[in-house]
Amino acid sequence: MTPTLRTERLLLEPYLPDDEEGFVALFQDTRVSRWMGDGPASEAADRALFGRIFTKVYAQDLFDVWAVRRDGLLVGHAEIKATEATGGHEIIYALAPAAWGLGLGTELAEAVTAYGFGTLGLARVHATVAASNTASLALLDRIGFEHVQDVEEEDGSTTRVLVRRRTATDGSPLA
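Summarised in this report is the structure supplied together with it.

What counts and how
Residues numbered from 1 in each chain as written. Predicted model: local features only at pLDDT ≥ 70, side-chain atom pairs only at ≥ 80, totals over all residues. Heavy atoms only, no water. Helix = DSSP H or I, 4+ residues; strand = E, 2+ residues; numbered from the N terminus. Rg over C-alpha atoms; globule rule 2.2 N^0.38 Å. Buried < 20%, exposed > 50% of the residue type's maximum accessible area, 1.4 Å probe, protein only. Phe/Tyr/Trp six-rings, centres within 6.5 Å; stacked < 30°, edge-to-face > 60°.

## Re the overall build of the protein
Inference 1: On a plain count of helices and strands, the protein comes out with five helices and eight strands.
Inference 2: Each helix and strand of the protein, placed in order from N terminus to C terminus, yields the pattern β-β-α-α-α-β-β-β-α-β-α-β-β.
Inference 3: Computed over its C-alpha atoms, the radius of gyration of the protein comes to 16 Å, within 12% of the 16 Å expected for a compact globule of 175 residues.
Inference 4: Dimensions of the protein along its principal axes, counting C-alpha atoms only, are 45 × 40 × 35 Å.
Inference 5: Split into buried and exposed, the 175 residues of the protein put 42% on the buried side.

Next up, the structure:
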């Protein structure tokens with residue numbers, strides 16, 4: 001079961017059925033969805049995706065998915081899950097444009113990464129980011145992710161694969 005996580009300004013908790021409209025609004029905003037998965041999808045597809053969070057992901061305890069709230073309002077989405085793309089666990093995060101530029105993305109990515117290291121006991125956490133998503137690449141660089149590989153996509157775009165390794169208290173890598 002996806003646990004509740006808290007940061008200084010954010011609450012990450014499992015989605016509630018009442019979150020559907022906020023989820024769809026977040027994923028329908030092309031400023032957000034252009035960086036998510038295969039890009040913008042139809043409203044019907046986003047509603048179906050929201051439904052699968054309950055019928056598949058939570059019901060089968062497949063991986064952790066959070067609604068991200070600030071001051072009680074849904075402002076984002078986060079996940080950590082095993083993926084073949086990296087051969088390990090990948091963090092996924094998105095914030096509504098109203099929450100951009102406040103350091104919340106850094107706070108969110110740090111929280112999900114720390115959960116991967118601490119609760120899940122991972123030695124490495126990955127992220128995959130479109131090469132043109134310079135804001136996300138800069139954020140991940142600031143919190144210790146390193147570029148390890150480029151993947152050329154079928155549409156000609158490039159996806160960057162990044163990794164952050166868990167470190168010992170002295171800063172040396174554990175794996």
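From this point, things continue past the structure.
## Some remarks on the packing of aromatic side chains
Inference 1: With the rule as written, the count across this model stands at seven aromatic pairs.
Inference 2: Where Phe54 meets Tyr58, the ring centres are 5.6 Å apart and the plane angle is 85°; that geometry is what we call edge-to-face. Of this pair, Phe54 and Tyr58 both sit in helix H3 (residues 43-58), separated by four residues, roughly a single helical turn.
Inference 3: A relative accessible area of 25% places Phe54 in the partly exposed class.
Inference 4: Taken together, a centroid distance of 5.2 Å and an interplanar angle of 90° make the contact between Trp66 and Tyr115 edge-to-face. Of this pair, Trp66 sits in strand S3 (residues 64-70) while Tyr115 sits in helix H4 (residues 104-118), and the two are 49 residues apart along the sequence. Pair check on accessibility: Trp66 and Tyr115 agree, each one buried.
Inference 5: Three or more aromatic residues joined by ring pairs form one cluster here, namely Tyr15, Phe23, Phe27, Phe50, Phe54 and Tyr58.

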